[in-house]
Amino acid sequence: KHVNRLPATKELPKDWYILQGAQDVRSKKVYSAPMTVECEVMLEERSSTDGSFQLRLVAEGESANVDAKRFASLGLGYRRNGTDQLFTSQRPNSQHDFQVIADLPIRAGQPYRIKLEVQQDRWRITVNGQTYEVTDVSLPSEHFYIQLYGWQPTDRWHVRSFKVY
C-alpha cells in the first residue's frame, strides 16, 4: 500500500507511505510520555545538497496547516560534504535546540530501523541496533501529535512498519 502527499491531518497508515518534499503526515491522536515509536525509514535518492527525515513530537494545539512552532524531533540528516548525522532539534529554540547525537552515513536505498523511546526527562534512540541516550531534550507539551516530516522538496523518504505503543 503506497500513500503519497497525504494531508497533514490524515491518520498515519500502518504499513507504507512516502514523504515527498515538505509533505508531512501527522497523527490525529495525541500521545504522552512514556511511549515508544518504531519505524523503518529509507531515502530514495540523495537528490539535493542536504536533506532530512524528522520524527516530530508536535505540541497539542499546533495547527496542522502551518509549520509547527513547538516541537521536539529526532532526525536523520545528510549533506553533500559527507557530514551525515543523527540529531535532535527543538522549537522554540533552547540551549539544546540542535544536538548531534552521532555521525550516521545516510545511504540512498538503505533502510534505517528507528526506535524512539520517550520519557519525560530522556529519550532512548536506537538506529539499526545502535542505542543512544539523550537527557537534554524536552517535550513541547504534556500531550503531543506525532508528525513525520521530510525535507528537501526533491527528496522522497519511504516510511514503513510504523507503530506506536
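Up top you'll find the structure we're talking about.
Caption draft 1: Layout of the sheet that holds strand β5 (residues 71-79). Pairing within the open sheet is antiparallel, and its six strands lie in the order β2-β11-β4-β5-β6-β7. The open sheet has two free edges, formed respectively by β2 (25-26) and β7 (98-103), since each of these has just one partner strand. As paired strands, β2 and strand β11 (residues 144-151) are joined by two bridges and run antiparallel to one another. Opposite Arg26, over in β11, you have Gln147 as the bridge partner.

Caption draft 2: Spotlight on empty space enclosed by the protein. Tallying each qualifying case throughout the model produces one cavity of 30 Å³ or more. For the largest cavity, the calculated volume is near 30 Å³. Lining the largest cavity are Asp24, Arg26, Val58, Ser63, Ala64, Val66, Ala68 and Gln147. Among the residues making up the lining of the largest cavity, the classes are represented as four nonpolar, two polar and two charged.

Caption draft 3: Representation of the sheet that holds strand β1 (residues 16-20) in the model. Spatial ordering of the open sheet is given by β1-β12-β3-β8-β9-β10, a layout of six strands whose pairing is antiparallel. Both outer strands of the open sheet, β1 and β10 (130-134), are each paired with one neighbouring strand and no more. Neighbour-to-neighbour, the strand axes of the sheet open up by a mean angle of 25°, direction not taken into account.

Caption draft 4: Quick peek at the packing of aromatic side chains. By the definition in use, this model includes two aromatic pairs. Aromatic side chains Phe53 and Trp157 sit 6.0 Å apart centroid to centroid with 40° between the ring planes, which places their arrangement in the tilted category. In this pair, Phe53 is assigned in strand β4 (residues 50-59) and Trp157 in strand β12 (residues 156-164), connecting sequence segments 104 residues apart. Positioned over the ring face of Tyr145 is Arg26, at 4.0 Å from the centre of the ring. Over the aromatic face of Tyr149 sits the side chain of Arg56, whose NZ or CZ is 4.0 Å from the ring centroid.

Definitions and cut-offs
- Residues numbered from 1 in each chain as written.
- Predicted model: local features only at pLDDT ≥ 70, side-chain atom pairs only at ≥ 80, totals over all residues.
- Heavy atoms only, no water.
- Pairing = 2+ DSSP bridges.
- Helix = DSSP H or I, 4+ residues; strand = E, 2+ residues; numbered from the N terminus.
- 1 Å grid on protein atoms, 1.4 Å probe; cavity = no way out; pocket = protein on both sides within 12 Å on 5 of 7 lines; lining within 4 Å.
- Points joined across faces, edges and corners; volume = space filled by probe spheres on them.
- Nonpolar A, V, L, I, M, F, W, Y, C, P; charged D, E, K, R; others polar.
- Axes fitted to C-alpha atoms, helices over the stretch in contact; angles between N-to-C directions.
- Phe/Tyr/Trp six-rings, centres within 6.5 Å; stacked < 30°, edge-to-face > 60°.
- Lys NZ or Arg CZ within 6 Å of the ring centre and 35° of its normal.

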